[in-house]
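Breakdown of the fold
For reference, the chains in residue letters:
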Amino acid sequence: MLRVDPGGDEEMMMMGIIKEEEDGEDSEEDEEDDYLLAATGEAGPEQHPPGRRGRRGREEKERTKVRERQRRAVTGRILAGLRRHGNYSLRVRADINEVVAALAREAGWVVLPDGTTFPSSSSSHSQVTPRPAMLVPVAAAAPPIPVSSSAAPAPQPLRSVVAVSPLAARPISRRAGHASSAYVAPPRAVPAEGTASPLLAVRVPRGEAEADDDDNAMDGGKQTGLATCPAPAVAPPRPPERDFAGTPYVPVYVMLPLNVVSLEGEVVDADALVGQLRVLKAAGVDGVMVDCWWGNVEAHRPQEYNWTGYRRLFHIIRELKLKLQVVMSFHECGGNVGDDVSIPLPDWVIEIGKSNPDIYFTDREGRRNTECLSWGIDKERVLQGRTAVEVYFDFMRSFRVEFDEYFEDGIISEIEVGLGACGELRYPSYAAKHGWKYPGIGEFQCYDRYLQKNLRRAAEARGHTIWARSPDNAGHYNSEPNNTGFFCDGGDYDSYYGRFFLNWYSQVLLDHADRVLMLARLAFEGSAIAVKVSGIHWWYKTASHAAELTAGFYNPCNRDGYAPIAQVLKKHGAALNFTCVELRTMDQHEVFPEALADPEGLVWQVLNAAWDAGIQVASENALPCYDRDGFNKTLENAKPRNDPDGRHLFGFTYLRLCSVLFERPNFMEFERFVKRMHGTINRSLVIAAPQFTSCIYTAMFTVSFGVLRRRSSSRLAGVDC
């Protein structure tokens, strides 16, 4: 019977729950014993008189009840303490499995919902984030006995403790490393006179014989030592890595800073930039990527273009014998992940938007997204007598004429055409400025009057005018799929109306790409063009793929939403540039298991859709990447192992040039990655190169580029050559 005082505290409630469970288990034990005795007809290994046998059975049951009652009382106090003092969100009825899972996650392990548990991939080499001290549970029957200073054998290494901090944007597997960063240390025994806090203490055996003694002592309720987790000196051994020597050559480009050209048409910090580019060239980088911002070039009046700053920048790049990838950026900069500057749309476009805000994408609440123009005005003459696609074409044609010599000399190797938010082919469905946070599903962006008119025409053509509306049960920016009527399993997304709406919504995206790419092919005839597609990997393991649907990718579990995009690109001879190739599914489950993300599955689907269509595929990292695991994952995607057709990426663009990249450990990993992408690295180079290359780049910074050395490579300059 449950005995809980409604006015009592949390511990009393837990005791009541424990009492209820005890009563249930006692009755089950009685029934089980009676059943076994009746089935076998025996009293056990020794025959006793019925009275004595029954008395001994009752005594054993009472002892078992006492032990179980004590165990449950300890569990109840642990749960109450963790809820009250440890910020663990454990429910009142949490069982021991949930306690163990919470402690395992705190220690850096990954615990999936089905109980599958494995070590964190980043636990052995991630930078440790300070966390509150936590008491590690040990045997509680006797006080701990400290390790004497004469204990000679070194302790057996235990698993490191890694803290995973919550993220408010897209999940990041690891952050930038620093020269002073170290690997996480295994715990070590602490002498009795040590100053370590007992809150960080864990029991550590001190040799094989003593380990056996400790095991026996634990059975008897004794402890034999304390240990702490100091900073480590060495990393655990890495598994053998794939040898990329002799693999196909994949060129590597590096994105330049977003504001490398100022609003005034000047190259920002040109001296430091030249030094950085020289180092990249020496490391084998093939070229750089530059954003040509519509808001910078055509800022004040229609069809008045100022290319001065970009001409100066391109001259520097040509002198250094680097290649150029140029992005036609028809969106504003600022407000997205990784945006550290603000570059708005042209002033004259903003003025038009004040009187006609429907030129922007609009959500269900009527909020306008000024990041880019709505695709509903692609054929509407609302931009001072021109349509949106005509404005884009005039801009691209002006660029082609202005930099004709760079095309003829092969300096400009590729033009990437911006087709939407962030320069990617997608709706601005997850805008941070409207309150979106990862892993929200986002919202449909089709409520401006031009797209609503397009939807009405589509519904009338289908013969169902009642379908001329957008979903009213699709949640909000930060909803989860199963909390909405539209995206939940068996929801309206798979109804007749849902399929009609999603087909129309994604077709608007495809039509926009088709129109702009047709004019881009005309403006850049004979030059390579590409389109960037964003990697929306969260909620990929659900049936509806809600985050992809709101972004315009009609890719539920029973439909390939990327094959139609690949066909449009093939029609115009454009390559596909896909993001998030460095992300690993295991890392996403570790940081945000509730997001049901699968970047590896998404990358594989998109790459195969493009290769099946016969188009070239390039890629870039979605988030800053400085660690070997991220680079290795990129390599595996760039050059799939044992591919029967020998398919591989035709290029990779690294996000992004910054001072952190030039810190010694980061740059050495990056240089190694470049060589492996080129297929030229071998094992002897991996072993012998680090000290040599660091000395070379230290000399380059010290002798020729003092400005850069002071600003971004102080650690490189400290190497003893």
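Our structure is the block above this text.
Residues numbered from 1 in each chain as written. Predicted model: local features only at pLDDT ≥ 70, side-chain atom pairs only at ≥ 80, totals over all residues. Heavy atoms only, no water.

**Observations concerning the overall build of the chain**
Counting its secondary structure elements, the chain contains 21 helices and 14 strands. Sequence separation of 24 or more characterises 76% of the internal contacts of the chain that already satisfy a separation of 6 or more. (Helix = DSSP H or I, 4+ residues; strand = E, 2+ residues; numbered from the N terminus. Contact = heavy atoms within 4.5 Å.)

**Topic: the pattern of salt bridges**
Applying the stated rule across the entire model yields 38 salt bridges. Taking the shortest distance from any N to any O, the salt bridge between Glu-241 and Arg-672 comes out at 2.6 Å. Here Arg-672 lies in helix α18 (residues 664-678) and Glu-241 lies in the loop between β4 (227-228) and β5 (252-255), a separation of 431 residues in the sequence. Connected through salt bridges with shared partners, the residues Glu-241, Arg-628, Glu-669, Arg-672 and Arg-676 form a single ionic network. (Salt bridge = Lys/Arg side-chain N within 4 Å of Asp/Glu carboxyl O.)

**Considering the sheet that holds β5**
With respect to topology, eight strands assemble into a closed barrel ordered β5-β6-β7-β10-β11-β12-β13-β14, the strand pairing being parallel. Geometrically, the sheet is characterised by an average inter-axis angle of 30 degrees between neighbouring strands, direction not taken into account. Pairing geometry for strand β6 (residues 287-293) and strand β7 (residues 323-329), over seven bridges, is parallel. Of the residues in β7, the one forming a bridge with Cys-292 is Met-328. (Pairing = 2+ DSSP bridges. Axes fitted to C-alpha atoms, helices over the stretch in contact; angles between N-to-C directions.)

**Focus on α18**
Residue pairs spaced three or four apart in an α-helix point in one direction, given the helix's 3.6 residues per turn. When the terminal C-alpha atoms of α18 are compared, their 21 Å separation across 15 residues agrees well with the 21 Å that a helix rising 1.5 Å per residue should span. A large share of α18 lies buried, amounting to 11 of its 15 residues. When α18 is considered as a whole, its buried residues turn out to be Asn-666, Phe-667, Glu-669, Phe-670, Glu-671, Arg-672, Phe-673, Val-674, Arg-676, Met-677 and His-678. Gly-679, located one to two residues past α18, shows a positive phi value of around 75 degrees. (Expected span 1.5 Å × (residues − 1). Buried < 20%, exposed > 50% of the residue type's maximum accessible area, 1.4 Å probe, protein only.)

**Brief notes about the pairing of strand β10 (residues 412-417)**
Burial analysis of β10 places five of its six residues in the buried class, the great majority of the element. Relative to β10, β7 runs parallel, the two being bridged by five bridges. Residue Gln-325 lies in a different strand from β10, and its bridge partner there is Glu-414. With two bridges joining them, β10 and strand β11 (residues 529-533) adopt parallel strand pairing. The partner of Glu-416 across the bridge, within β11, is Ala-530.

**Side note on the environment of Gln-452**
When you line up the elements, Gln-452 lands in helix α11 (residues 449-462). Those residues in contact with Gln-452, other than ones at most four positions away along the chain, are Cys-446, Tyr-447 and Ser-470. For Gln-452, the side chain forms a polar contact with the side chain of Ser-470, separated by 3.4 Å. (Polar contact = N/O pair within 3.5 Å; in protein donor to acceptor, adjacent residues only side chain to side chain.)

**Structural notes on the side chain of Asn-356**
Along the polypeptide, Asn-356 turns up in the loop between α8 (347-355) and β8 (360-362). Polar contacts involving the side chain of Asn-356 include one to the side chain of Tyr-450, which spans 3.0 Å. Asn-356 has contacts with Val-382, Arg-449 and Tyr-450, leaving out every residue within four places of it along the chain.

**Regarding α8**
All of the buried residues in α8 are Trp-348, Val-349, Ile-352 and Gly-353. For α8, the angular spread of buried residues about the axis comes to 145 degrees, placing them on one side. Away from its buried face, by an angle of more than 90 degrees, α8 presents the exposed residues Lys-354 and Ser-355. The secondary structure elements touched by the buried residues of α8 are α6 (294-297), β8, β9 (368-373) and α9 (388-402). (Arc of directions from axis to C-beta.)

**Description of the packing of aromatic side chains**
Applying the stated rule across the entire model yields 49 aromatic pairs. Between the aromatic rings of Tyr-427 and Tyr-505, the centroid separation amounts to 4.0 Å while the plane-to-plane angle is 5 degrees, which identifies the pairing as stacked. Placement of Tyr-427 in the loop between β10 and α11 and of Tyr-505 in helix α12 (residues 496-523) is noted, with a sequence separation of 78 residues between them. Residue classification places Tyr-505 among the buried residues on the basis of a relative accessible area of 1%. Relative to Tyr-497, the ring of Trp-467 has its centre 6.4 Å away and its plane inclined at 55 degrees; by these criteria the two rings are tilted. Note that Trp-467 is positioned in the loop between α11 and α12 and Tyr-497 in helix α12, a separation of 30 residues in sequence. Both residues of the pair, Trp-467 and Tyr-497, count as buried. Here Arg-469 stacks its cationic end above the ring of Tyr-497, 4.2 Å away from the centre of that ring. In this structure, Arg-499 packs its charged tip against the face of Tyr-496, placed 5.0 Å from the ring centre. (Phe/Tyr/Trp six-rings, centres within 6.5 Å; stacked < 30°, edge-to-face > 60°. Lys NZ or Arg CZ within 6 Å of the ring centre and 35° of its normal.)

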